[in-house]
Amino acid sequence: MTVRVGVIGAGWIGQEHIRRLTEVVTGATVTAVTDIDDARAEEAAARVGARVYASGAELIAADEVDAVLVTSWGPTHAEHVLNAIAAGKPVFCEKPLATTAEDCLKIVEAERAHGRRLVQVGFMRRYDAGYRQMKEVIASGRIGEPLVVHCAHRNPTVPESYTSEMAALDTAVHEVDVLRWLLDDEIVSTQVVTPRATSKRFEHLKDPQIMLFETAKGVRIDLEVFVNCQYGYDIQCETVGEEGLVRLPDPSSVDVRTAGRHSTTVLTDWVGRFVDAFDTEFREWIANLAAGNEPVGPSAWDGYAATVITRATVEALNSGRIVSTDMKPRPAFYGGAA
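Residues numbered from 1 in each chain as written. Predicted model: local features only at pLDDT ≥ 70, side-chain atom pairs only at ≥ 80, totals over all residues. Heavy atoms only, no water.

## Focus on the sheet that holds strand S7 (residues 146–154)
Stated precisely, the cut-off is as follows: By this definition, two strands are paired if DSSP reports at least two bridges between them. Secondary structure elements are taken from DSSP: a helix is a run of H or I of four residues or more, a strand is a run of E of two residues or more, and numbering for both begins at the N terminus.
Judged by pairing direction, the sheet is mixed, and its seven strands sit side by side in the order S12-S11-S7-S10-S9-S8-S15 without closing on themselves. At either margin of the open sheet sits one strand with a lone partner, and together these are strand S12 (245–247) and strand S15 (323–324). Relative to strand S9 (residues 209–215), strand S8 (residues 187–193) is paired through six bridges, and the arrangement is antiparallel. The residue of S9 that forms the bridge with Val193 is Ile210.

Here is the structure:
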């Protein structure tokens, strides 16, 4: 079957996913679009022959929509996801699932009441080939039990509107999700250390930040978030186990030797780094829906966990304390204890 997708939010990422569903992914068609900016919705819809709806609620209720893609402003996500669940339609929501833990739990409870998974959250790192290879190595036991994880998330620059809290909420959130998945473990506490600040930042920004996490099994994670590193977009991850280690590979690039130098290219943005992961993410989401299966990617519970942990990390940044995440027990519906 062809999955007819309605898109709520026609900003840059929404338009990029519309292109992806139309030109890259097979088995999908975009039939409906809505956005707070009517002209933007009209423009995005016209490119793919979709119909424009006045609101997210109208789009979700439309007969021509089988599944919903939410790429609108973060604070609107919970409303749209809850409406999709009420309509019994699968919904892919870009992060965050919701901006508060309370709203995330409303989504979790609504989905549990529905009795079948409908929600998938857009944490694309799980679809990156390098991270998937790391997951296989760790799960196989080849390096023994994980003990320590070293990570870095570096951006060349950020705009003046970027705040210190966004280092956790918008940047480190991807590591938070992928590390929970890699280790099959839960983050139970968080701390933030702020070293000497770079002179390349805007004055209001604490940059870099070092985030220290502890998991339920006692694994220690250090994550450097440095969003004004200048030299490029650089994602690093190394898991040290009892009998070895596994390291995320850098993106493939040719080595150049010339004029007495040996060099390789460093990417400068997240789009180029994770474009293949985005494509794989949507191919697998559509394939599951077309086969009549539930989504198998990051769940509503994963969205809740990411929100709780990143909010706790903001509290740790502002207080200087080690902060417990105090997550609710995972329900059996999401693979927790019965």
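## Concerning the packing of helix H5 (residues 101–114) against helix H9 (residues 300–319)
Geometrically, a packed helix pair is captured by the angle between its two axes and the distance between the axes. Our working rule: Geometry is summarised by axes, namely lines fitted to C-alpha atoms with helices restricted to the contacting stretch, and by angles between N-to-C directions that run from 0 to 180 degrees. Orientation categories follow fixed angle ranges, with anything under 35 degrees roughly parallel, anything over 145 roughly antiparallel, 65 to 115 roughly perpendicular, and all other angles oblique. In this scheme, a crossing is called left-handed if the near helix is turned counterclockwise away from the far one by less than a right angle; it is called right-handed if the turn is clockwise. Whether two residues are in contact is decided by their heavy atoms, any of which lying within 4.5 Å being enough. Each residue receives one of three labels: charged for Asp, Glu, Lys and Arg, nonpolar for Ala, Val, Leu, Ile, Met, Phe, Trp, Tyr, Cys and Pro, and polar for the others, Gly being one of them.
Close contact between H5 and H9 brings their axes to 9 Å; oriented N to C, the two are set at 165°. As the angle between them shows, H5 and H9 are arranged roughly antiparallel. Note that H5 runs across H9; the crossing there is left-handed. Residues Ala101, Cys104, Leu105, Ile107, Val108 and Glu111 of H5 form the contact with H9, whose own contacting residues are Ala300, Trp301, Gly303, Tyr304, Thr307 and Val308. Grouping the constituent residues of the contact of H5 with H9 by class yields nine nonpolar, two polar and one charged.

## As for the side chain of Arg273
Applied cut-off: For the exposure calls, accessible area comes from a 1.4 Å probe over protein chains only, and a residue counts as buried if that area is under 20% of its type's maximum, exposed if over 50%, partly exposed in between. Definition of a polar contact: a pair of N or O atoms within 3.5 Å, with one able to donate and the other able to accept a hydrogen when the atoms are protein atoms, and with sequence-neighbouring residues admitted only if both atoms are side-chain atoms.
With respect to the helices and strands, the residue Arg273 is situated in helix H8 (residues 270–290). On the basis of relative accessibility, which here comes to 10%, the residue Arg273 falls in the buried class. Reaching out from Arg273, the side chain makes a polar contact with the side chain of Asp128 at a distance of 3.0 Å. The contact partners of Arg273, leaving out residues within four places of it in the chain, are Asp128, Tyr233, Leu248, Pro249, Pro251 and Leu267.

## Some details on the sheet that holds strand S6 (residues 119–122)
Taken in spatial order, the six strands line up as S3-S2-S1-S4-S5-S6 in an open sheet, and their pairing is parallel. This sheet does not close on itself; its edge strands, each paired only once, are strand S3 (51–52) and S6. Of the strand pairs in this sheet, strand S4 (residues 67–70) and strand S5 (residues 91–94) are connected by three bridges, and their pairing is parallel. Counted as the bridge partner of Val70 is Cys93 from S5. Each of strand S1 (3–8), strand S2 (28–34), S4 and S5 is contacted by helix H1 (residues 12–24), which is oriented at about 155° to S2, the strand it contacts most.

## Considering unusual backbone geometry
Note the cis peptide between Lys95 and Pro96, where omega equals 0°. Structurally, Pro96 is set in the loop between S5 and H5. Each neighbour pair has its own omega, and for Asp207 with Pro208 the value is 5°, a cis peptide bond. Non-glycine residue Asp184 carries a positive phi angle of around 50°. Using a relative accessible area of 58% as the deciding quantity, one classes Asp184 as exposed.

## A look at the side chain of Asp128
Within the secondary structure layout, Asp128 lies in the loop between S6 and helix H6 (129–140). On the basis of relative accessibility, which here comes to 8%, the residue Asp128 falls in the buried class. A polar atom in the side chain of Asp128 sits 3.2 Å from the backbone nitrogen of Tyr131.

## Brief notes about the pairing of S6
For a regular strand, the rule is simple: side chains alternate between the two faces of the sheet. Here is the rule: Crossover handedness is defined here as right-handed if the route from the first strand over the helix to the second strand goes clockwise, with the strands pointing away from the viewer.
Where burial is concerned, the two faces of S6 agree: the one with Val119 and Val121 and the one with Gln120 and Gly122 are both buried. Alignment of S5 against S6, held across four bridges, turns out to be parallel. By the bridge assignment, Val91 is partnered in S6 with Val119. The β-α-β motif built from S5, the intervening H5 and the parallel element S6 has right-handed crossover chirality.

## Side note on the nonpolar core
Stated precisely, the cut-off is as follows: Buried Ala, Val, Leu, Ile, Met, Phe, Trp, Tyr and Cys residues form a nonpolar core when they are joined through side-chain atoms within 4.5 Å.
Leu97, Ile107, Val119, Tyr131, Met211 and Cys237 are the most contacted members of the largest nonpolar core, which has 77 residues in total. Element by element, the count of residues in this core is highest for H9, at 11 residues. When neighbours within four sequence positions are excluded, Val119 is seen to be in contact with Val81, Ile85, Val91, Leu97, Ile107, Glu111, Pro295, Pro298, Ser299 and Ala300. Core analysis: the next-biggest nonpolar cluster, separate from the first, contains 21 residues, Leu21, Ala45, Leu69 and Phe92 among them.

## Focus: the packing of aromatic side chains
To keep it simple, the criterion reads: Side-chain rings of Phe, Tyr and Trp, where Trp is taken by its six-membered ring, are said to pair if the distance between their centres is within 6.5 Å; with planes under 30 degrees apart they count as stacked, over 60 as edge-to-face, and otherwise as tilted.
For the coordinates displayed, the defined rule picks out nine aromatic pairs. Taken together, a centroid distance of 5.3 Å and an interplanar angle of 65° make the contact between Phe92 and Trp285 edge-to-face. Residue Phe92 is located in strand S5, and its partner Trp285 is located in helix H8; the two are separated by 193 residues in the primary sequence. You can call Phe92 buried: its relative accessible area is 0%. When its relative accessible area of 1% is taken as the criterion, Trp285 is described as buried. Within the aromatic cluster, the residues linked to one another by ring pairs are Trp301, Tyr304, Phe333 and Tyr334.

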